[in-house]
Amino acid sequence: MRLLEARIRLESPAIITTRRTERGFVKPSESIPGSTLRGAIVTALLREGRVSSAEEESRKPTILASPAYPLHPGGRSLPATLFMWYCEKCREAVDLTRDLKESLLTGSEPEIRLTHACGEPLRPLYGSLIATKRLERVGVRSFRATSVAISKSRGSAVKGMLFDYEAVAEGTEFWALMLAPDALEEVKEMEIFVGRGASRGFGRARVTFSPAPLQSGEGGVFIALSPLTPLGEIEWGGCRVRLKRAFGRTLRTMAGWDYVRNAPRPFVSLVQRGSVVVAEVDGECGGLLSVGLPVRLEDFLLTGVNALIPVSSYYQLLGE
Ligand SMILES: [Zn+2]
């Protein structure tokens, strides 16, 4: 297995949403969930005959991906950690992630700062995306439009079927970490479709692969690049992760839609991306840790979660 960096460039607007509403898909997402990216790549590989069975790949994944985050002119964007804040008055970010590492390892409570040196209250950056050493906030360019649903059988508009959607603009670029079998080494570039409305031309993207730029960082304290399943122990493919402490905000969310079974996935509690985790790792983990260990939930396999990178690797990806 090889750890790759995938760069995704949208060649048409993409409808990537996190929440479905009655009127259509309105809540935009400024990242591509790891499971969505994995699905898009597997679909393209199936089409090219490089993966033989969708069912086999869904049962025993050989391709795994972290969430994809936007590329900023200054480099990759990453989820801000729980220990990052911003002072509106000084227009300055405060980052205690590295300072708190030692106290997290020794088991003491992290000291949370709520006011800046200037006296102004600090606003948490946790939950947003940041880039560069200055921790600049990053978003994606999106636009809102309304579309009419077309009946596939009649080829005409369906009465009462209007969709509001928010689409991420074409030209937007993302990066992600991906684990793939060695056999896919010759695949350097491919066309994929991300998000909704592929049949209407949405979400066409070009993805290129290169070796991941990660040097192996020291363990102990990790940053979650993706949502995290709050389980004491996670095991997958000979890699075992024991979570000793996790700092973050837990959200209850639907684990998406299972396309193979055509059924909704169950609701799960996940810790929001950017959480800070103290963990013991052993076994054959390699790149598996940075794309995230999948978790079996009842009959479903949850991917695109638990992507953990050492603190030093986090800053390396940020371009320091
Ligand atoms: Zn200030």
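Residues numbered from 1 in each chain as written. Predicted model: local features only at pLDDT ≥ 70, side-chain atom pairs only at ≥ 80, totals over all residues.

Peer 1: Mind showing me how you'd approach the overall build of the chain here?
Peer 2: Of regular secondary structure, the chain possesses 5 helices and 27 strands. Looking at the chain as a whole, 39% of its 320 residues are labelled buried. (Helix = DSSP H or I, 4+ residues; strand = E, 2+ residues; numbered from the N terminus. Buried ≥ 20, exposed ≤ 12 C-beta atoms within 10 Å, placed from the backbone.)

Peer 1: So what exactly am I meant to see when it comes to the environment of Phe-222 here?
Peer 2: By the secondary structure assignment, Phe-222 is in strand β17 (residues 220-224). Aside from chain neighbours lying at most four places away, what touches Phe-222 is Val-277, Ala-279, Leu-308, Ile-309 and Pro-310. (Contact = placed C-beta atoms within 7 Å.)

Peer 1: Mind showing me how you'd approach the environment of Ala-145 here?
Peer 2: Structurally, Ala-145 can be placed in strand β12 (residues 142-150). Discounting chain neighbours no more than four positions away, the residues touching Ala-145 are Tyr-165 and Ala-167.

Peer 1: What is the right way to look at the sheet that holds strand β19 (residues 239-247) in this model?
Peer 2: What links the strands of a sheet is backbone hydrogen bonding, and the strands pair in either a parallel or an antiparallel sense. Taken together, 5 strands build an open sheet; the order of strands is β18-β19-β24-β17-β27 and the sheet is antiparallel. Pairing within the sheet leaves two strands with one partner each, and these edge strands are β18 (233-236) and β27 (308-310). Within the sheet, the average angular offset between the axes of one strand and its neighbour, ignoring direction, is 40 degrees. Summarising the sheet, β19 and strand β24 (residues 276-283) pair through 8 bridges and their orientation is antiparallel. Bridge pairing in β24 places Arg-242 opposite Glu-280. (Pairing = 2+ DSSP bridges. Axes fitted to C-alpha atoms, helices over the stretch in contact; angles between N-to-C directions.)

Peer 1: Would you take a moment to explain the nonpolar core for this structure?
Peer 2: Proteins that are soluble and globular tend to have nonpolar side chains buried together. Counting 84 residues, the largest nonpolar core has Ala-176, Met-178, Ala-224 and Val-277 as its most contacted members. If one sorts the elements of this core by residue count, strand β14 (residues 173-180) sits on top with 7 residues. For Val-277, the contacting residues outside a window of four places in its chain are Phe-222, Ala-224, Leu-228, Leu-243, Ala-246 and Leu-308. (Core = buried A, V, L, I, M, F, W, Y, C linked by C-beta atoms within 7 Å.)

Peer 1: What is the right way to read helix α1 (residues 34-47) from this model?
Peer 2: Residues spaced three or four apart along an α-helix face the same direction, because each turn holds 3.6 residues. Spanning 14 residues, α1 covers 20 Å between terminal C-alpha atoms, matching the ideal 20 Å at 1.5 Å per step. Among the residues of α1, Gly-34, Ser-35, Thr-36, Leu-37, Arg-38, Gly-39, Ala-40, Ile-41, Val-42 and Leu-45 are the ones counted as buried. Buried residues belonging to α1 abut α2 (54-59), β4 (64-65), β14 and β15 (189-193). With its phi angle positive at about 75 degrees, Gly-49 sits one or two positions after the end of α1. (Expected span 1.5 Å × (residues − 1).)

Peer 1: Help me out: how do you make sense of the environment of Asp-95 in this one?
Peer 2: Topologically, Asp-95 is positioned in strand β8 (residues 92-95). Separated by 12 residues in the primary sequence, Asp-95 and Phe-83 place their C-alpha atoms 6.1 Å from one another. Contact partners of Asp-95, with chain neighbours within four places excluded, come to Phe-83, Met-84 and Leu-135.

Peer 1: Explain the sheet that holds strand β9 (residues 123-124) to me, please; I cannot follow it from the model alone.
Peer 2: Sheet architecture is open: 3 strands sit in the order β8-β7-β9, paired in antiparallel fashion. Lying at the two open borders of the sheet, with one neighbouring strand each, are β8 and β9. Of the strand pairs in this sheet, strand β7 (residues 84-87) and β9 are connected by 2 bridges, and their pairing is antiparallel. Bridge pairing links Trp-85 to Pro-124 in β9.

Peer 1: I tried to follow unusual backbone geometry on my own but got confused; where do I start?
Peer 2: Backbone phi values are negative for most residues with the exception of glycine, while trans is the configuration of most peptide bonds. Phi angles above zero are rare outside glycine, and Thr-132 is one such case at about 65 degrees. Inspection of the secondary structure puts Thr-132 in the loop between β10 (129-131) and β11 (136-138). For Leu-135, which is not glycine, the phi dihedral falls at a positive 55 degrees. As for its placement among the helices and strands, Leu-135 is situated in the loop between β10 and β11.

Peer 1: Explain the pairing of strand β6 (residues 75-79) here, please?
Peer 2: Every other side chain in a regular strand lies on the same face of the sheet, so the side chains alternate between the two faces. Among the 5 residues in β6, 4 count as buried, and that is most of the element. Between strand β5 (residues 69-72) and β6, which pair antiparallel in sequence order, lie 2 residues. Sheet analysis places β6 next to β10, joined by 3 bridges and oriented antiparallel. Counted as the bridge partner of Pro-79 is Leu-129 from β10.

Peer 1: I tried to follow helix α3 (residues 97-106) on my own but got confused; where do I start?
Peer 2: Among the residues of α3, Thr-97, Leu-100, Lys-101 and Leu-104 are the ones counted as buried. Mapping the buried residues of α3 onto a view down its axis gives an arc of 135 degrees, with all of them on the same face. Residues of α3 that are exposed and point over 90 degrees away from its buried face: Asp-99, Glu-102 and Thr-106. Immediately downstream of α3, the backbone of Gly-107 shows phi near 90 degrees, a positive value. (Arc of directions from axis to C-beta.)

Peer 1: Which parts of the structure should I look at to understand the pairing of strand β16 (residues 204-211)?
Peer 2: Strand direction decides the pairing type here: strand β1 (residues 2-10) and β16, joined by 7 bridges, are antiparallel. Residue pairing in the sheet places Arg-9 in a bridge with Arg-206 of β16. Across 5 bridges, the pairing between β15 and β16 is antiparallel. Looking at the pairing, Glu-191 lines up with Arg-206 of β16.

That is the geometry; function is a separate question.
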